[in-house]
Each structure stands twice: as C-alpha cells, then as structure tokens.
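Coordinates in review
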Amino acid sequence: MDKNLIIKGIVDTSHYVYKKGLVPGKSGNISCRFYEEGISKIAITRSGIAKRNVEADDIIIIDMDGNVLEGDKKPSMETFLHLGIYRERDDINSIVHSHSPFATGFSMSGKKLKRLEGFGPIETPHIPYVKYASPGSEELAKNTAFMMKDNDAVVLKNHGTVAAGVNLDEATLLAEFIEDIAKIQYIAHTLSLNSDTSV
C-alpha cells in the first residue's frame, strides 16, 4: 500500500478514535506496517499528542528495530509494544492501542470481560488481560507480544486495550467493539443490581 495513503489512514483513524472517546487526552497510539522496496517499515503516531490534533507530519516512519527513518519528532512511547506484536504476527499490519475507559475499568476491577457475538471467531470465553507493567517499558512490550500470539485483542491491566488487524479498519472496529462489550456488560450488571424484583 502507498505510504501516503497509510499516513492519511492513521491521521483519519486518530481523529475517529478520539471522537469515539477511546483515546482521551494525549493517550493511545496507532501504527501500520508496510513494505517499501521490499523492506518492512512501520508508520506510527508520535509521542505526546492528542489524537484529535494528529496531522501527517505527526506520523513517524521507523524500521523494525525502532530506528527513525522519516520524521523529526519522537515516535510513540509504546513503539516497542507495537514492534513486538509485528514480530510475532506476520498476519498483522495495523494496531490500535486505546485507553478505553470501560474496558480499562473492567481490568482494574478484576472482573472478566466476556466475548460477545459479533466479535468474530470466538476462541476463548473472555478477552485476555495482560499483567500490569509500566507504560513504555520493555516488560509491557514483551508481555503484550506474548499474549497477542494467539489473540487479536487484549486488555492491558490498569492501562487500556490493544487491537490488531490486517488493516486499520479491522483494528479500529475491534478496538470499538471491545469498549462496546465492556459498556454492555457494565449496563447489564448495573441493571441487575437495581432491578425491581417485585415486578
């Protein structure tokens, strides 16, 4: 895919997930893998910017070792989390890391987040949690890459979610769906606590 189209896709996705409330403040990061002259490269959002403000020059091009190839800004602090997943999964070309409040709240409460219909192939009854490690750390990158070997979506304990796909659209839809099922389960739980058993 053309690099300029990939950059535009990341910009558009950044604005979209911000409007959806998945990346409040300056949180979250988005990336795409592409090939240029047979070389695998990653386009990723820069560090420290609200996704509503992302423009083309906020997308940094790096190699698979994290070296900056194009761009004069610092790539996302979670760059090695993205790279770790790409190294594990040849079938993954896009990653959306969000800070979805409902899904993150589930991980903080210790309650399991059930997979619901519409999630795609259901392989496990719950969305896996990745044990907590400091944001941007090598430990978090390793833990996440390990859990993503057999999953397209995970929830980072006390942190956010990671959704991956063959393209940006697939990864974004998955990120949305995780938050939606968290909302649905929260609503169902709240209604069950407040139900009028006399009716």
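Relevant structure appears above.
Okay, so let's go over this structure. Not measured: the values here are computed from a predicted model. (Residues numbered from 1 in each chain as written. Predicted model: local features only at pLDDT ≥ 70, side-chain atom pairs only at ≥ 80, totals over all residues. Heavy atoms only, no water.)

Observations concerning the side chain of Ser40
Mapped onto the elements, Ser40 comes out in strand β2 (residues 39–45). Not counting the four nearest positions on each side in its chain, Ser40 is found in contact with Arg33, Phe34, Tyr35, Asp63 and Met64. (Helix = DSSP H or I, 4+ residues; strand = E, 2+ residues; numbered from the N terminus. Contact = heavy atoms within 4.5 Å.)

Section: helix α1 (residues 3–19)
Helical geometry: 3.6 residues make up each α-helical turn, so side chains three or four residues apart lie on a common side. The first and last C-alpha atoms of α1 sit 25 Å apart over 17 residues, in line with the 24 Å expected at 1.5 Å per residue. Residues of α1 that are buried include every one of Lys3, Ile6, Ile7, Gly9, Ile10, Val11, Thr13, Ser14 and Val17, and no others. On its buried side, α1 packs onto β1 (29–36), β2, β3 (59–63), β4 (68–70) and α5 (168–193). Where α1 starts, the residue carrying a side-chain oxygen 3.0 Å from the main-chain nitrogen of Asn4 turns out to be Asp2. Following α1 by one or two positions, Gly21 has its phi on the positive side, about 80°. (Expected span 1.5 Å × (residues − 1). Buried < 20%, exposed > 50% of the residue type's maximum accessible area, 1.4 Å probe, protein only. Polar contact = N/O pair within 3.5 Å; in protein donor to acceptor, adjacent residues only side chain to side chain.)

Remarks on the packing of helix α2 (residues 79–88) against helix α4 (residues 138–147)
Running from N to C, α2 and α4 point in directions that differ by 30°, and their axes come no closer than 8 Å. The pairing of α2 with α4 is recorded here as roughly parallel in orientation. Note on packing geometry: the crossing formed by α2 with α4 is right-handed. Residues Phe80, Leu81, Gly84, Ile85 and Glu88 of α2 pack against Leu140, Ala141, Thr144 and Ala145 of α4. Residue composition of the contact of α2 with α4, by class: six nonpolar, two polar and one charged. (Axes fitted to C-alpha atoms, helices over the stretch in contact; angles between N-to-C directions. Parallel < 35°, antiparallel > 145°, perpendicular 65-115°, else oblique. Left-handed = near helix turned anticlockwise from the far one by under 90°. Nonpolar A, V, L, I, M, F, W, Y, C, P; charged D, E, K, R; others polar.)

Remarks on the layout of surface pockets
Reported here for the second largest pocket is a volume of approximately 190 Å³. Along the walls of the second largest pocket sit 13 residues, with Met1, Ile6, Arg33, Asn93 and Ser94 positioned nearest its centre. For the lining of the second largest pocket, the secondary structure elements donating two or more residues are α1 and β1. With four residues, β1 is the largest single contributor of residues to the lining of the second largest pocket. Class assignment of the residues belonging to the lining of the second largest pocket gives a composition of eight nonpolar, four polar and one charged. (1 Å grid on protein atoms, 1.4 Å probe; cavity = no way out; pocket = protein on both sides within 12 Å on 5 of 7 lines; lining within 4 Å. Points joined across faces, edges and corners; volume = space filled by probe spheres on them.)

Section: the nonpolar core
Ile10, Ala43, Ile59, Leu113 and Ile178 are the most contacted members of the largest nonpolar core, which has 30 residues in total. Where this core is concerned, the elements lending two or more residues are α1, β1, β3, α3 (101–109), β7 (153–156) and α5. The element contributing the most residues to this core is α5, with seven residues. Filtering out sequence-adjacent residues up to four positions away, Leu113 remains in contact with Ala103, Phe106, Pro125, His126, Ile127, Tyr129, Val155, Ile178, Ile181, Ala182 and Gln185. (Core = buried A, V, L, I, M, F, W, Y, C linked by side-chain atoms within 4.5 Å.)

A short note on the pattern of salt bridges
Taken as a whole and assessed by the stated rule, the structure comprises eleven salt bridges. Here Lys3 and Glu36 are joined by a salt bridge, their closest N and O atoms 3.5 Å apart. You can see Lys3 sitting in helix α1 and its partner Glu36 sitting in strand β1, a full 33 residues away along the chain. Residue classification places Glu36 among the partly exposed residues on the basis of a relative accessible area of 23%. Where Lys73 meets Asp72, a salt bridge forms, and the shortest distance between an N and an O atom there is 3.7 Å. Accessibility expressed as a relative area gives 25% for Lys73, which makes it partly exposed. Taking relative accessible area as the criterion, Asp72 reaches 71% and is therefore assigned exposed. (Salt bridge = Lys/Arg side-chain N within 4 Å of Asp/Glu carboxyl O.)

A few points about the sheet that holds strand β8 (residues 160–165)
With mixed pairing, the eight strands of this open sheet are ordered in space as β4-β3-β2-β1-β5-β8-β7-β6. With partners counted over all chains shown, the strands left at the sheet margins are β4 and β6 (129–130), one partner each. Sheet strands in contact with α5 are β1, β5 (94–98), β7 and β8, and its direction is about 145° off that of β8. (Pairing = 2+ DSSP bridges.)

Some remarks on the pairing of β5
Along β5, five of the five residues are buried, which leaves the element largely enclosed by surrounding structure. Side chains Ser94, Val96 and Ser98 project from β5 onto one buried face, and the interleaved Ile95 and His97 project onto a second face that is buried too. Here β1 runs beside β5; their pairing, made up of four bridges, is antiparallel. In the sheet register, Asn29 faces β5, and the bridge partner there is His97. Summarising the sheet, β5 and β8 pair through five bridges and their orientation is antiparallel. Within the sheet, the bridge partner assigned to Ser94 lies in β8 and is Gly165.

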